[in-house]
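Analysis of the macromolecular model
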Amino acid sequence: MKYIVVTGGVMSGLGKGITTASIGRLLKNRGYEVTAVKIDPYLNIDAGTMNPAQHGEVFVLSDGGEVDLDLGNYERFLDINLKSLHNITTGKVYRNVIERERHGDFLGATVQIIPHITDEIRHCIDRAAAEGINGGRVAEICLVEVGGTVGDIESMPFLEAVRQMHGEHAPQDMLLVHVTLVPVDTMGDHKTKPTQHSVKALRELGLQPDIIVGRSSEVISPQTKKKISAFTDVPVKAVVSAKDVPDIYQIPVELEKEGLADVVCSYLALENREPDPAWYRLVSQEYTNRATVAIVSKYGIEDVYISIKESLKHAGRALSTEVNIRWLDAETLDLRDLADVDGILIPGGFGQRGIEGKLRAIRYARENKKPFLGLCLGFQLAVIEYARHVLGIPDATSEEMGPGTHVIALLPEQEEIFNLGGTMRLGNCTVTLREDTMAARLYGKTEIVERHRHRYEVNPAFIGDLEDAGLVFSGACRDRMEVCELPDHPFYLATQFHPEFRSSPTNPSPPYIGFVEACKKSRSATGIR
Ligand code: GLN
């Protein structure tokens, strides 16, 4: 196993995750099997309890792991299915060590950060690297992204573990990549001081980077690269410029142009094979159509819906359609803002806030025949809207939202999980689609696997009445309703699962394809340009 460890300097939010995923893509394009591990130096066991408005989207893996959104990037860039063990947190590491201490496993030793915590970190990294990808072979290369910024107190034990690993691995088996910021000043000059400082901080921890990726608004010039090289002892060819690009999937293209793959392959003693051009072709295509989609949400932060945003892009790519998103606040929604959009998307969410606005948007989409895609909470609200305005139950609501008629409720099975301390239905589930429905047509099959993250469900007591009133439940997981649609509408589909967790540029999600296709059609029908 060869390791590529990616650290970050200067500040967070530099796109270290995308850089890591892109390096993986360069190798994958050369036919190498790649896996990825994300280290998050916070004390939470996982991202499940973290506020998405602060931390961004909680990504859900096939095994139900609720993880950092970077694992979503790895899955999308590398076409792999990761597991909870690929997201290592301080919480998980300490929990393992403390449990073993209570169990007496340390035989009276003083339990310390070094060696016990660092050993555990190394054990976690090795175990994650050794996990077969997509249930098959073990990868040849494991990317390890260390979250946070070099110099943070939280990341110290992790960087110490990396230092130890580095010492024990042959140079061709372990690479250190440092991602830093190279800002441009008001005169238009690149500044190297922040990079000098962060490399200095890294060296103080005993780590000398092999490669520096400089994030910048402009391409970093050869002179600037030389200067960075002189201060850091990293050869000029290994100082790589990563300038901002409009589409994250073009970053591998940019890094390829910078010659990063040559450097990585030569350092890791890998044959630099001719890269498969499919990815580059896919992400460089010109769009021939455009569509505007409204996303009605209660969070003002786009990072909360990163997988949805990306899934729209994946479907858009497949249909040569550039999808523009209009973010609308559910609490202050003005229906006039929906008049000129081509489609309406209601994402997942928790709690009462903003749901009345989302219900108005769904009603608008249903009555005005606008393409509509509802996801998780969006599915539940579609059912509630139908119950209120078609079935005639004015106080229809979800048990989650308080008193009323609970057409969405906590099922006994879920209540049991609740009592056991788990709170949500998470991860993969097989859903059976009803033949001759739009859902089955979109997927091209009737057995599908998708991922969940929810507690409440359609109350079985109302399914018959809803169906008699015209709502078609076109997908179910045993007796739990998973998909609903309206046959007399150009595109009205909602899912209890989150198809966005399985979408990638090379494998766009069927419900998103259907939705974007309908948006594209509705746009040409209305003649909006
Ligand atoms: N709050 C809803 C539930 O728990 C929906 C969850 C979601 O949208 N992810 O069932």
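Everything in this summary refers to the structure shown in the same document.

Cut-offs applied
- Residue numbers run consecutively from 1 along every chain, following the written order of its sequence.
- Per-residue local features are limited, in this predicted model, to residues with pLDDT of at least 70; the limit for side-chain atom pairs, both in listing and counting, is 80 or more; totals at the level of whole chains, interfaces and linings are taken over all residues.
- Only hydrogens and water are removed before side-chain values are computed, so all heavy atoms of the structure are retained for them.
- A run of H or I in DSSP counts as a helix once it spans at least four residues, and a run of E counts as a strand once it spans at least two, with each numbered from the N terminus.
- Note on exposure labels: buried denotes an accessible area under 20% of the residue type's maximum, exposed denotes more than 50%, and partly exposed covers the range between, all computed with a 1.4 Å probe on protein chains only.
- For this analysis, residues touch if any pair of their heavy atoms sits within 4.5 Å.
- Note on areas: these come from Shrake-Rupley sampling with a 1.4 Å probe, and a residue is covered only by the protein chains present in the view.
- Think of it this way: Lys and Arg go in the positive column, Asp and Glu in the negative one, and His and the chain ends go nowhere.
- Think of each charge as sitting on NZ of Lys, CZ of Arg, CG of Asp or CD of Glu.
- Near, as used in this document, describes a residue that has one of its heavy atoms within 4 Å of the molecule or strand being considered.
- Contacts described as polar in this section are N or O atom pairs within 3.5 Å, which, within protein, must combine one atom able to donate a hydrogen with one able to accept it, while residues neighboring in sequence count only if both atoms come from side chains.
- In short, DSSP must find at least two bridges between two strands for them to pair.
- Lines fitted to C-alpha atoms define the axes here, with helix axes fitted over just the stretch in contact, and angles between the N-to-C directions of these axes take values from 0 to 180 degrees.
- The criterion is simple. A nonpolar core is a set of buried Ala, Val, Leu, Ile, Met, Phe, Trp, Tyr and Cys residues joined through side-chain atoms within 4.5 Å.
- Just to be clear on terms, a salt bridge is a Lys or Arg side-chain nitrogen sitting within 4 Å of an Asp or Glu carboxyl oxygen.

**So, the overall build of the protein chain**
- Looking only at helices and strands, the protein chain features 18 helices and 21 strands.
- By the burial criterion, 57% of the 529 residues in the protein chain qualify as buried.
- Taking all contacts inside the protein chain whose residues are at least 6 apart in sequence as the whole, residues at least 24 apart take part in 73%.
- In the form shown here, the protein chain has an accessible surface area of approximately 21,500 Å², with 50% of it arising from carbon and sulfur atoms.
- Once the 58 positive and 73 negative side-chain charges of the protein chain are each reduced to a mean point, those two points are 4 Å apart.

**Some words on the site of the ligand**
- The immediate surroundings of the ligand are formed by Gly348, Gly349, Phe350, Cys376, Leu377, Gln380, Glu400, Arg453, His454, Arg455, Tyr456 and His498.
- Here an oxygen atom of the ligand sits 2.8 Å away from a polar atom, N or O, in the main chain of Gly349.
- Here Leu377 contributes a backbone N or O atom positioned 3.0 Å from an oxygen atom of the ligand.
- Relative to its unbound accessible area of 300 Å², the ligand is 98% covered by the protein chains.
- Those elements giving two or more residues to the shell around the ligand turn out to be helix 14 (377-391) and strand 17 (447-454).

**Digging into the sheet that holds strand 20 (residues 480-485)**
- Taken in spatial order, the nine strands of this open sheet run 11-10-12-13-21-20-19-16-17, and their pairing is mixed. Strand pairing shows two members of the sheet lacking a second neighbour, strand 11 (321-329) and strand 17, which therefore form its edges. Neighbouring strand axes in the sheet, compared pairwise and without regard to direction, differ in orientation by 25° on average.
- Inspection of the sheet shows strand 10 (residues 289-297) paired to strand 12 (residues 343-346) by three bridges, in the parallel sense. Of the residues in strand 12, the one forming a bridge with Ile295 is Leu345.
- Contacts from helix 12 (residues 306-318) reach strand 10, strand 11, strand 12 and strand 13 (372-375) within the one sheet, and its direction differs from that of strand 11 by about 155°.

**Description of the nonpolar core**
- If you look at the biggest cluster of nonpolar residues, it comprises 56 residues, and the most contacted ones within it are Ile4, Leu27, Phe77, Leu78, Ile211, Leu260 and Val264.
- Apart from residues lying up to four places away in sequence, Leu260 is in contact with Ile23, Leu26, Ile211, Val240 and Leu255.

**Observations regarding the pattern of salt bridges**
- Under the definition given, this model contains 38 salt bridges.
- Between Arg102 and Glu101 there is a salt bridge whose closest N-O contact spans 2.7 Å.
- In this structure Arg102 comes out as exposed when scored by relative accessible area, which is 66%.
- By relative accessible area, which is 31% here, Glu101 ends up partly exposed.
- Between Glu168 and Arg122 there is a salt bridge, and its shortest N-O distance comes to 2.7 Å. Highlighted residues: Glu168 in helix 6 (residues 156-168) and Arg122 in helix 5 (residues 113-129), separated in sequence by 46 residues.
- One salt-bridge network, held together by shared partners, links Lys38, Asp40, Asp68 and Asp70.

Treat this as a map of the structure, not an account of what it does.
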